[in-house]
Amino acid sequence: MTSPDDRDDAELRELFAELGTADRAELPRYRAVLEQALARHRFPASRARSLTVRAAAAAVVLAGSVIAYQRLHHDPPRHSAPTTSSLASWKSPTGILLHTPGRELLREVPDLDSSILDRITPTTKSEAPGS
Amino acid sequence: MALTLNRPACHISAPVIPLISTNARKSSDTMERAQLDSELEDLHAESFGWALACCGRDREEAEEVLQSAYLKVFAGKARFDGRSTFRTWLFGVIRLTAAEERRRNIVRRLRAAAYAVIAPSDPGPDPNTALENAQRQDRLLSALGELAPRQREVLQLVFYHDMTIEEAAAVMSVSLGTARTHYERGKARLLGKLTGDRP
C-alpha cells in the first residue's frame, strides 16, 4: 500500500513529466544551438554594441562638421540685413481692422470757412481766387 | 582524467568544434572535446528544460543561456573537475549563466538564422486530451510561479530531472539541509496550491 506522500510524489512526477514532454516538443536542435553560440562567439554582442556606438559617434561628428562648415561659409551681414528691413516694413495682418469708416474726420481739424462740398470738389475752391 | 564516461566518445561529424578558440584546449585536460560534445548532446533536452526553468519559462532566453553555457564549456571557462556527475555540474553552469544573463539583462538579437525546431514526431494526443494536459500544465506552472525561487528550483530538479535532493543541492550550491528544507516547504505549498486550484 502506498503512503499519501508517495502518491503526492507520483502525482507531481506525472505533472512534471507532462511539462517535460511539452518542453521537448519545442526543443531546439543541439547543433543549431551550438552553431548560434559559435556565431555569437565570433561576432559577440559587445562587438556589435561597439560598432553601433562608433557609428553613432561618427554620425554626430559628421553632423557637427556639416553645421560648422555651413556657419563658416555663410555671410552674416547679408543674412541680418533682410531681417532688419523686413522688421521695419512688417505690417500686422489685422491692421486693416483699425481703418474704420470716417476715421479721417477724427484725425483732421474741421475747416469752418469751407463747405463740405469743397472737399468733394477741391478744384472749385482752388480755382475761385484766381478766377 | 577526472571523468569516466560510461560510453565511448562519439565521432564529431559537424565541423563546429574545431572552430572554437584555442582556449578550448584548457578543458581538454579533464575531458576530450568529442566527449564533451557527446555528453552535451545527450543532455541537451534536459539542459533545455532546466534552462527554461531558470529563465522563467522564456524560450528565447533559455536558448541564449544554453548557448552561453555551451560556449563556456567548450572554451574552458567552465571546467568539469569530476567532483560531481557531469549533469549536476552542467546544470550548475546553466544556473549560473542564467543568473548572469538576468543580471546583465542584455538582449542579444543578432541571429543569423532562425533556429530549426524539432517538430513532435507523433501526431499528438486528441484535442480533448491536449486541452486537459495544457490546463494541467498551466495549473502547475501557475502554482510553481507562486513559490520561492529556491523552492521552485529544487522541485524542478527533483521531479522534472529526477535528481536526488543531494544532487539538487549541488546544482543550487546550497547545503543538503537547506535544499531539503526548500524541498519540503516547496512541495507542501505546491500540493496545497494544486489541490486548492483543482476544479
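Residues numbered from 1 in each chain as written. Chains lettered and ligands numbered in written order. Predicted model: local features only at pLDDT ≥ 70, side-chain atom pairs only at ≥ 80, totals over all residues.

1. Focus: the packing of helix H3 (residues 44–54) of chain B against helix H4 (residues 59–75) of chain B
Residues and elements named next belong to chain B. Two elements in contact, H3 and H4, have axes whose closest approach is 8 Å; the angle formed by their N-to-C orientations is 120°. As the angle between them shows, H3 and H4 are arranged oblique. Crossing handedness for the pair H3 and H4: right-handed. Between H3 and H4, the contacting residues are Ser47, Phe48, Ala51, Leu52 and Cys54 on the first element and Arg59, Ala62, Val65 and Leu66 on the second. (Axes fitted to C-alpha atoms, helices over the stretch in contact; angles between N-to-C directions. Helix = DSSP H or I, 4+ residues; strand = E, 2+ residues; numbered from the N terminus. Parallel < 35°, antiparallel > 145°, perpendicular 65-115°, else oblique. Left-handed = near helix turned anticlockwise from the far one by under 90°. Contact = placed C-beta atoms within 7 Å.)

2. Re the environment of Leu90 of chain B
All names here are of chain B. Summarising the element assignment, Leu90 is placed in helix H5 (residues 86–104). In this structure, the C-alpha to C-alpha distance between Leu90 and Arg79, residues eleven residues apart in sequence, is 9.5 Å. Discounting residues that sit within four places of it in the chain, Leu90 has contacts with Leu43 and Ser47.

3. Describing the confidence of the model for chain B
All names here are of chain B. Scored by pLDDT, chain B comes out at a mean of 78, with 72% of its residues at no less than 70. Counted against residues more than four places away or in other chains, residues 1–28, with its pLDDT under 50, gives 42 contacts. Note that pLDDT drops below 50 for residues 109–121; the model gives that stretch 16 contacts with residues more than four away or on any other chain. Across the interface, the model reports ipTM at 0.70; the global pTM reads 0.59. (pLDDT = per-residue confidence, 0-100.)

4. Some thoughts on the nonpolar core
In globular proteins that are soluble, nonpolar side chains generally tend to be buried together. All names here are of chain B. If you look at the biggest cluster of nonpolar residues, it comprises 51 residues, and the most contacted ones within it are Ala51, Val65, Tyr70 and Ile94. Of the residues forming this core, the biggest block, eight residues, is contributed by H4. Here this core gathers at least three residues from each of two domains, domain 1 (17–104) and domain 2 (127–193). (Core = buried A, V, L, I, M, F, W, Y, C linked by C-beta atoms within 7 Å. Buried ≥ 20, exposed ≤ 12 C-beta atoms within 10 Å, placed from the backbone. Domains from an automatic or database assignment.)

5. Quick look at helix H2 (residues 30–42) of chain A
Given a rise of 1.5 Å per residue, 13 residues ought to cover 18 Å, and the 18 Å separating the end C-alpha atoms of H2 of chain A matches this to within 8%. For H2 of chain A, every residue scored as buried is listed here: Tyr30, Val33, Leu34, Glu35, Gln36, Ala37 and Arg40 of chain A. In the core, the buried residues of H2 of chain A are packed alongside helix H2 (33–42), H3 and H4 of chain B. (Expected span 1.5 Å × (residues − 1).)

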